[in-house]
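Examination of the molecular architecture
Next come the chains, spelled out residue by residue.
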Amino acid sequence: AQRVTQPEKLLSVFKGAPVELKCNYSYSGSPELFWYVQYSRQRLQLLLRHISRESIKGFTADLNKGETSFHLKKPFAQEEDSAMYYCALSGLGTDKLIFGTGTRLQVFP
Amino acid sequence: NAGVTQTPKFRVLKTGQSMTLLCAQDMNHEYMYWYRQDPGMGLRLIHYSVGEGTTAKGEVPDGYNVSRLKKQNFLLGLESAAPSQTSVYFCASRRLGQAGGANVLTFGAGSRLTVL
């Protein structure tokens with residue numbers, strides 16, 4: 001079965017501080033991992049995916065298959081990063097995308 | 001392009017009433033999904049469809065029915081609404097992708113349903 005765990009409901013930091021949003025997954029096959037973000041009064045949208053190995057808005061995430069983790073990191077948080085972040089998992093060749101419970105990031109000035 | 005459009009945006013129901021949420025996409029996507037979003041629970045998959053005329057159960061299908069009569073539309077029905085179905089409902093769609101992370105969901109704006 002697919003399962004995504006985001007242990008933190010709320011993460012509060014000051015502007016300029018490093019940020020790490022944790023995500024662990026459980027899946028027996030070959031996983032595809034994503035981070036989605038929902039800014040206030042906006043639609044849920046893709047932030048990044050592990051297969052692209054890209055940096056979006058300063059965020060990066062590395063898939064660690066040994067630790068079954070896909071943590072989202074940013075070295076210097078900005079106020080505009082305040083949002084709800086969801087980690088999501090899809091198994092290669094499957095049809096479903098399963099989301100974690102989400103972490104609300106608050107960045108204070 | 002409108003992308004994914006959900007109607008209605010807001011609805012208040014009484015316990016036992018029925019209603020249908022409509023999701024329409026104009027991107028010719030094969031896959032469509034219905035999720036519900038609840039505080040502390042994140043997004044949970046209700047039902048999904050991999051093509052016209054096909055539907056499948058997700059994580060929390062009980063109390064809901066769906067239909068995909070046309071490729072561009074995916075309907076979510078509540079036959080007898082219950083207060084536990086008070087939630088924000090999101091529809092999403094994606095194209096038939098290739099292996100390697102090419103599949104990305106496009107979401108609608110959400111429909112807020114309150115059951116009294």
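Procedures and definitions
- Residues numbered from 1 in each chain as written.
- Chains lettered and ligands numbered in written order.
- Predicted model: local features only at pLDDT ≥ 70, side-chain atom pairs only at ≥ 80, totals over all residues.
- Heavy atoms only, no water.
- Helix = DSSP H or I, 4+ residues; strand = E, 2+ residues; numbered from the N terminus.
- Rg over C-alpha atoms; globule rule 2.2 N^0.38 Å.
- Contact = heavy atoms within 4.5 Å.
- Areas by Shrake-Rupley, 256 points an atom, 1.4 Å probe, with all protein chains shown as cover.
- Phe/Tyr/Trp six-rings, centres within 6.5 Å; stacked < 30°, edge-to-face > 60°.
- Buried < 20%, exposed > 50% of the residue type's maximum accessible area, 1.4 Å probe, protein only.
- Core = buried A, V, L, I, M, F, W, Y, C linked by side-chain atoms within 4.5 Å.
- Pairing = 2+ DSSP bridges.
- Axes fitted to C-alpha atoms, helices over the stretch in contact; angles between N-to-C directions.
- Buried area = accessible area lost by both parts, 1.4 Å probe.
- Salt bridge = Lys/Arg side-chain N within 4 Å of Asp/Glu carboxyl O.
- Polar contact = N/O pair within 3.5 Å; in protein donor to acceptor, adjacent residues only side chain to side chain.
- Nonpolar A, V, L, I, M, F, W, Y, C, P; charged D, E, K, R; others polar.

Here we come to the overall build of chain A. Counting its regular elements, chain A contains zero helices and 11 strands. Shown N-terminal to C-terminal, the secondary structure of chain A runs as helices and strands in the order β-β-β-β-β-β-β-β-β-β-β. Here chain A has a C-alpha radius of gyration of 13 Å; the compact-globule value for 109 residues is 13 Å, and the two agree. Dimensions along the principal axes, computed over C-alpha positions, put chain A at roughly 40 × 30 × 25 Å. Counting contacts in chain A only where the partners sit at least 6 residues apart, residues at least 24 apart contribute 60% of the total. Just so you have it, chain A exposes about 5,500 Å², and 50% of that area is on carbon and sulfur atoms.

Further remarks concern the packing of aromatic side chains. Summed over all chains, the structure comprises 12 aromatic pairs over all chains. Summarising the aromatic geometry, the rings of F99(A) and F107(B) are spaced 6.0 Å apart at their centres and angled 70° between planes, so their arrangement reads as edge-to-face. In this pair, F99(A) is assigned in strand β10 (residues 98–99) and F107(B) in strand β10 (residues 106–107), connecting two distinct chains. According to the relative accessible area criterion, F99(A) is buried, its value standing at 5%. A relative accessible area of 2% places F107(B) in the buried class.

Judged by nonpolar contacts, the single largest core of 24 residues is most densely connected at W35(A), L47(A), L48(A), F70(A), L72(A) and Y85(A). Elements represented by at least two residues in this core include exactly β2 (10–14), β3 (19–21), β5 (31–38), β6 (45–49), β9 (83–91) and β11 (103–108) of chain A. If we ignore the near neighbours within four places in the chain, the residues touching L48(A) are F34(A), W35(A), E54(A), I56(A), F59(A), T60(A), A61(A), F70(A) and L72(A). Ranked by size, the runner-up nonpolar core spans 20 residues in total, among them A88(A), L43(B), Y48(B) and F90(B).

Let us look at the side chain of Q37(B). Mapped onto the fold, Q37(B) is located in strand β4 (residues 31–38). Taking the relative accessible area as the measure of exposure, Q37(B) reaches 15% and is therefore buried.

A separate point is the pairing of strand β3 (residues 19–25) of chain B. All names here are of chain B. Side chains M19, L21, C23 and Q25 project from β3 onto a buried face, and the interleaved T20, L22 and A24 project onto a face without burial. Pairing analysis gives four bridges linking strand β1 (residues 4–7) to β3, with the strands arranged antiparallel. Paired with T5 across the two strands is A24, which belongs to β3. Direction of pairing for β3 relative to strand β8 (residues 73–78): antiparallel, over a ladder of six bridges. Looking across to β8, one finds that T20 is bridged to G77.

Residue and element names in this part refer to chain B. If you trace the four strands from one edge of the open sheet to the other, you get β1-β3-β8-β7, paired in antiparallel fashion. Each edge of the sheet is formed by a strand with only one pairing partner; in this case those strands are β1 and β7 (65–67). On average, each strand axis in the sheet is tilted by 20° relative to the strand beside it, whichever way the strands run.

The next thing to look at is the interface of chain B and chain A. Taken residue by residue, the interface counts 25 residues in chain B and 20 residues in chain A. Contact between chain B and chain A buries roughly 1,900 Å² in total, counting both sides, with carbon and sulfur atoms accounting for 55%. Run the count over chain B and chain A and you get zero salt bridges. Taken together, chain B and chain A are joined by nine residue pairs in polar contact (both at pLDDT 80 or more). If you list the elements that add at least two residues to the side of chain B that touches chain A, you get β4, β5 (42–51) and β9 (87–94) of chain B. In the side of chain B that touches chain A, the residues fall into 16 nonpolar, seven polar and two charged.

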